[in-house]
Amino acid sequence: MGWPGAGGGYVADSRITWPIEGLGVAVHQTGPIPLAAEFVCQPGELLALVGPSGSGKTTLLRTIAGLYRPQSGRVECAGDSWFDGERKHSLSPQRRQVGMVFQDYALFPHLTALENIQLPLRHLPQPQRRELAEQWLAKVRLEGLGKRYPNALSGGQRQRVALARALARDPKVLLLDEPFSAVDQVTRRRLQRELALLRQQIEIPIVLVTHDLEEATALADQICVLHNGVSLQQASPEVLFSRPDTPLVARLLDRHNLFEGSVVELEGQRRLQWGACILEVDEGLANLPLGETVTWYLPPSDIVLHRRDRPSQGERENPLAATVEELVVLGGITSVSLRVQHGDMLRFDIATHAVRRNQLTRGAVVNVSLLAAGIHLLPGHRVRADAHDKRK
Amino acid sequence: MDWSALSVSLRLAAFTCLILIPIAIWLGRALAYARFRGKGLCEAFVALPLVLPPTVLGFYLLISFGRDSPVGSFWANLTGGGLNFTFTGILLASLIANLPFAVQPIQRAFEHVPHNLREAAWCSGLSAWQTLLRIELPLVWPGILSAAALTFAHTLGEFGVILMVGGAINGETRTLAIAIYDRVQAFDEQGAAQMSALLLLVSFITLGLVYGLAGRRRWVRG
């Protein structure tokens, strides 16, 4: 991407148009942790930073909070400049007014739950402090537990105290560092639900760091995919999962249907040749030169399995026959792998009862349609070219 | 019973604690948090009095407190008096001899404060000072207490260094520990026994008080 190193001039190819109404972050540095990340988060919006461990998610969160100072870049929130590498300007964490929920909550062990929440309210007179803290305690549904010390609270209760403490300060941005990773699955679901409800009451940007894609998809309005400190793409979950910018983004999102085809012409129409199949594509083919090899991606939801007894909708769209290679039952969902004649593998998930109804068995030949609207072309990328991804 | 020796001992222990503990809080915190080259060297220097024979430490202090040495002459210029064989001299010696007893427990305590608690305090709007007073000090309090207890008890029992630097001047530098030695030398076993018992009692009560108090924190885990 060619970011200049320390020193400035970085905004040259920035995709962000400053100033930003909500939170805008652009950070560039060459070391010790290489970073080249940009993202924005509007007021009331929840942005999830996702990526494998070591991708710089937490460092970026700490940069917003002022706990980490990168070599260069810019952090702005609600029109205020919090960090500007060019002007050597950096506000202290105290003056940024952020609400931060740390991964292990970082509650003060020598203070009760109520005292923990009161601590950020020191600018108010004592009676008002207490009243506000009590209100926050009630908002996170911990009435009556204010006198408890953190070690007498459960993991979920601690997380709520941490959330209340972060919000009590009336922050300009809420930062959540893997806030659900230290609790059990049941508690996690409940806390996620509560966060989704609480969100409706606060009109500030919320940044969530998580490695859990499901969590990001469920909670976030926008997802920013990070890899080795580089922000690869920011988009809504729907766009991200159907239109990843690069094969690497698709793979980081655990999407597998990446193939290579070539541009051909058939009866005056541009088509995508994939092995022996000639595929119709809704968008993007017209601009590509004939004979060009192009990488393409198909969201699993755009693979339609034909029923044996009667034709299904869209049957005429890019039909092809394939052999069932693998069926992995994961409870109510079955992951299906189909081998197409020339060797490529299509993967998608369907309900386990649908597998039974269609009598799918290993080795069976089935017919599927690849929806033309779903086929997403990634010209200029190779399937494996940027495969320096360390995950399996 | 040598009451003046008891008074010298208690005064010495109290002053050592009062002066040394704030220094140890600053130094222990710096050693716990800071990353710098030569930190190991610094820690070794602080720990040196632990392993050095008291007579060796006393010898060097005696030399450097002399009027010909920079420290001694500086002090003489400042106050007109000497350091050797004075209460100020043994207090200074006691401060140096007790450095590891005061610094190490406090340094360990600061090392055990999770780093993100300070960050959480900053994010809650607390300044560095407020963070120290409201978060760090309450959390390292047990370390400070045990540092104070160790320093107090160790000062009461210090013998070699005090003898080298201070001699045994009645009411000025003769501490209880030295008085006991003098009594034994004079075949006054009863006097030595009384004072030994007193020293034992005072030391035990000091330690018991401190460990008892430290164990009463409600929020302690487990």
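## Structural notes on the interface of chain A and chain B
Contact with chain A, which involves 18 residues of that partner, is made by 17 residues of chain B. Of the residues belonging to the side of chain A that touches chain B, the class tally is 12 nonpolar, 3 polar and 3 charged.

## With respect to helix α4 (residues 126–139) of chain A
All names here are of chain A. Given a rise of 1.5 Å per residue, 14 residues ought to cover 20 Å, and the 20 Å separating the end C-alpha atoms of α4 matches this to within 8%. Within α4, the full set of buried residues consists of Arg-129, Ala-133, Trp-136 and Leu-137. Buried positions in α4, seen along its axis, are confined to an arc of 100 degrees and lie on one side of it. The exposed set on the far side of α4, more than 90 degrees from its buried face, consists of Pro-127, Gln-128, Glu-131 and Gln-135. Tucked inside the fold, the buried residues of α4 contact α3 (113–118) and α5 (155–168). Arg-141, located one to two residues past α4, shows a positive phi value of around 60 degrees.

## Observations regarding the packing of helix α6 (residues 99–111) of chain B against helix α8 (residues 128–157) of chain B
Residues and elements named next belong to chain B. Relative orientation of the contacting elements α6 and α8 amounts to 170 degrees, with a least axis distance of 8 Å. It follows from the interaxial angle that α6 and α8 lie roughly antiparallel. Packed against α6, whose contacting residues are Phe-101, Ala-102, Pro-105, Ile-106, Arg-108, Ala-109 and Phe-110, the element α8 presents Val-140, Pro-142, Gly-143, Ile-144, Ser-146, Ala-147, Leu-150, Thr-151 and His-154 at the interface. Classifying every residue of the contact of α6 with α8 gives 11 nonpolar, 4 polar and 1 charged.

## A few points about the sheet that holds strand β14 (residues 277–279) of chain A
Residues and elements named next belong to chain A. Across the sheet, 5 strands lie side by side as β14-β13-β12-β15-β21; this open sheet has antiparallel pairing. Bordering the open sheet on either side are β14 and β21 (376–378), each of which pairs with just one other strand. Going across the sheet, the axis of each strand differs from the next one's by a mean of 45 degrees, ignoring polarity. Of the pairings in the sheet, the one linking strand β15 (residues 293–297) to β21 comprises 3 bridges and is antiparallel in character.

## Concerning the sheet that holds strand β16 (residues 303–305) of chain A
Either a parallel or an antiparallel arrangement is found when strands of a sheet pair, and the pairing is made through backbone hydrogen bonds. Residue and element names in this part refer to chain A. Strand order across the open sheet formed by 5 strands is β16-β20-β17-β18-β19, with antiparallel pairing between neighbours. With one partner strand each, in any of the chains shown, β16 and β19 (345–351) form the two edges of the open sheet. Neighbour-to-neighbour, the strand axes of the sheet open up by a mean angle of 45 degrees, direction not taken into account. Bridge count for β16 against strand β20 (residues 365–370) is 3 bridges, and the pairing is antiparallel. Among the inter-strand pairings, Ile-303 is bridged to a residue of β20, identified as Leu-370.

## A word on the environment of A:Pro300
Within the secondary structure, A:Pro300 sits in the loop between β15 and β16. Those residues in contact with A:Pro300 that sit more than four places away from it in its chain are A:Asn257, A:Arg347, A:Phe348 and A:Asp349.

## Concerning the pairing of strand β11 (residues 230–235) of chain A
All names here are of chain A. Of the pairings in the sheet, the one linking strand β10 (residues 222–227) to β11 comprises 5 bridges and is antiparallel in character. Along β11, the bridge assignment pairs Leu-226 with Ser-231. What sits between β10 and β11 in their antiparallel hairpin is a turn of 2 residues, with Asn-228 showing a positive phi close to 50 degrees.

## Digging into helix α5 (residues 87–97) of chain B
Among the residues making up α5(B), those that are buried are B:Gly89, B:Ile90, B:Leu91, B:Leu92, B:Ala93, B:Ser94 and B:Ala97. For α5(B), the secondary structure elements touched by its buried residues are α1 (3–33), α2 (39–51), α3 (54–65), α8 and α9 (160–166) of chain B.

## Topic: the nonpolar core
If you look at the biggest cluster of nonpolar residues, it comprises 157 residues, and the most contacted ones within it are A:Ala48, A:Ile64, A:Leu175, A:Val207 and B:Ile106. No other element matches the 11 residues that α8(B) contributes to this core. Apart from residues lying up to four places away in sequence, A:Val207 is in contact with A:Cys41, A:Leu47, A:Leu49, A:Leu61, A:Ile64, A:Val173, A:Leu175 and A:Leu176.

So, how was this worked out
Residues numbered from 1 in each chain as written. Chains lettered and ligands numbered in written order. Predicted model: local features only at pLDDT ≥ 70, side-chain atom pairs only at ≥ 80, totals over all residues. Contact = placed C-beta atoms within 7 Å. Nonpolar A, V, L, I, M, F, W, Y, C, P; charged D, E, K, R; others polar. Helix = DSSP H or I, 4+ residues; strand = E, 2+ residues; numbered from the N terminus. Expected span 1.5 Å × (residues − 1). Buried ≥ 20, exposed ≤ 12 C-beta atoms within 10 Å, placed from the backbone. Arc of directions from axis to C-beta. Axes fitted to C-alpha atoms, helices over the stretch in contact; angles between N-to-C directions. Parallel < 35°, antiparallel > 145°, perpendicular 65-115°, else oblique. Pairing = 2+ DSSP bridges. Core = buried A, V, L, I, M, F, W, Y, C linked by C-beta atoms within 7 Å.

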